[in-house]
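What the coordinates show
One letter stands for each residue in the lines below.
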Amino acid sequence: MLGKERKMVLTEKAYAKINLYLDVVGKRPDGFHNLETLMHTVSLSDELTFELLKREPFSIELKIEGNDNLKADESNLVFRAVKEFVKHSHVDGKLIITLKKNIPVEAGLGGGSADAAATLRALNRLSKFPLDETKLYEMAEKLGSDVPFCLKGGFALCRGRGEKITPLSPLKNLHLVIINSGERVSTPDAFKLIDQSKNSELQASPNEKYNVLSSITEGEMNALFNAFEQYILPTCPRAKKAKEELILCGAYSALMSGSGPTVFGIFDDFVKAENAAKKLQSDFDKVFVSGFID
Ligand code: C5P
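What comes next is a walk through the structure.

**Things to note about the overall build of the protein**
Summing up its helical and strand segments, the protein has 9 helices and 11 strands in all. Referenced to the eigenvectors of the C-alpha coordinate spread, the extents of the protein come out at roughly 60 × 45 × 35 Å. For the protein, with 294 residues in total, the buried portion stands at 51%. Residue pairs at least 24 apart in sequence account for 75% of intrachain contacts in the protein once pairs closer than 6 positions are excluded. In the structure as shown, the protein presents an accessible area of about 14,200 Å², 50% of it carried by carbon and sulfur atoms. Of the charged side chains in the protein, 39 are positive and 40 negative; the average position of the first set lies 4 Å away from that of the second.

Structure follows, in structure tokens:
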């Protein structure tokens, strides 16, 4: 048996995010898009366990539980996060990572980004904090547009690709039902749909936008908006239905998250949220009762 000093084990949660407001405000020369989005961390999470076997040469082994479609290879953001981390610091030993996947993938919930951010946090802890926040943030930016937000989470207005983060006071006393319809949406394709559209009149004026953003920030949920919805929901009938059903079940607002197709409903009462989830579980496979967390 390995002595304590030869094996270190650490568990890190990777929390999903939802977008309460998402506007695509322009295309950039680098091919990405500038966004204005309000993101909030929610309690739905993956769990990553890191075992570091010291006195063995550095290597990475990734095991995935809970999703047979995900490849445990170098394309996985967890793997890429380790590679990024060891460019700037070193991990001393053999790293065995077990990723328990609960967050639906390609779903608009930032699951892969959350896993990458959790990996950066965990490796920094395992290595006794060699890298400061600024360095972790730079690494997160390279891994993906939502990874910087996922490093700290909470509630924030994110601009640029998503990496320019203004923290806000987390929302409280609201309950969520999150439904993933199982339909697949590719994020690059969703952005292409927006590029092809000539619907520029749908852009809000700066004043209207400011009012909408500040009312959501203060917990007023009537003004939720997602620029992808009008393009994605018509191609995802089950997600569209889920959104309608959430309203019928008493959500006072419902919206698609990110580039979809996951939708969420906001409830002011936990029992109402639980009852809605119970009812909708017979129609949809992936229904989660969740809440906002900081
Ligand atoms: O940054 P991330 O790898 O998550 O982005 C996935 C894809 O989504 C990019 O390759 C790009 O096509 C698109 N994207 C974008 N503008 C953003 C974020 C993502 O065009 N702000």
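**Considerations on the sheet that holds strand 9 (residues 253-256)**
The 4 strands are arranged 9-10-7-11 in an open sheet whose pairing can be described as antiparallel. Looking at which strands have only one partner, the edges of the open sheet turn out to be strand 9 and strand 11 (286-291). Neighbour-to-neighbour, the strand axes of the sheet open up by a mean angle of 20°, direction not taken into account. Sheet topology places strand 7 (residues 175-180) next to strand 10 (residues 263-267); 5 bridges connect them, and they run antiparallel.

**A look at the site of the ligand**
Around the ligand, the surrounding shell consists of Gly 31, Phe 32, His 33, Leu 35, Gly 144, Ser 145, Arg 161, Thr 187, Pro 188 and Phe 191. Between the ligand and His 33 there is a distance of 2.6 Å, counted from an oxygen atom to a side-chain nitrogen or oxygen. Ser 145 has a polar side-chain atom sitting 2.6 Å from an oxygen atom of the ligand. Within the complex, 72% of the 450 Å² of free accessible area of the ligand lies under protein. Secondary structure elements with two or more residues in the shell around the ligand: strand 2 (33-53) and helix 5 (187-196). Looking at which element gives the most residues to the shell around the ligand, the answer is helix 5, with 3 residues.

**Topic: the environment of Pro 261**
Position of Pro 261 relative to the elements: it lies in the loop between strand 9 and strand 10. Here the alpha-carbon distance between Pro 261 and Ala 116, two residues 145 residues apart in the chain, equals 21 Å. Contacts of Pro 261, omitting those with residues within four sequence positions, involve Glu 106, Ala 107, Asn 180, Ser 181, Glu 183, Val 185, Cys 236, Ala 239 and Met 256.

**Considerations on the pairing of strand 5 (residues 155-160)**
Counting buried positions over the 6 residues of strand 5 gives 5, a clear majority of the element. By the bridge criterion, 6 bridges tie strand 2 to strand 5 in an arrangement that is antiparallel. Across the sheet, the residue bridging to Glu 36 is Arg 159, located in strand 5. If you look at the hairpin formed by strand 5 and strand 6 (residues 164-168), you'll find 3 residues sitting between the two strands, and Gly 162 has a positive phi there, around 135°.

About the thresholds
Residues numbered from 1 in each chain as written. Predicted model: local features only at pLDDT ≥ 70, side-chain atom pairs only at ≥ 80, totals over all residues. Heavy atoms only, no water. Helix = DSSP H or I, 4+ residues; strand = E, 2+ residues; numbered from the N terminus. Buried < 20%, exposed > 50% of the residue type's maximum accessible area, 1.4 Å probe, protein only. Contact = heavy atoms within 4.5 Å. Areas by Shrake-Rupley, 256 points an atom, 1.4 Å probe, with all protein chains shown as cover. Lys, Arg positive; Asp, Glu negative; His and termini not counted. Charge placed at Lys NZ, Arg CZ, Asp CG, Glu CD. Pairing = 2+ DSSP bridges. Axes fitted to C-alpha atoms, helices over the stretch in contact; angles between N-to-C directions. Near = heavy atom within 4 Å. Polar contact = N/O pair within 3.5 Å; in protein donor to acceptor, adjacent residues only side chain to side chain.

In short, geometric facts, not functional conclusions.
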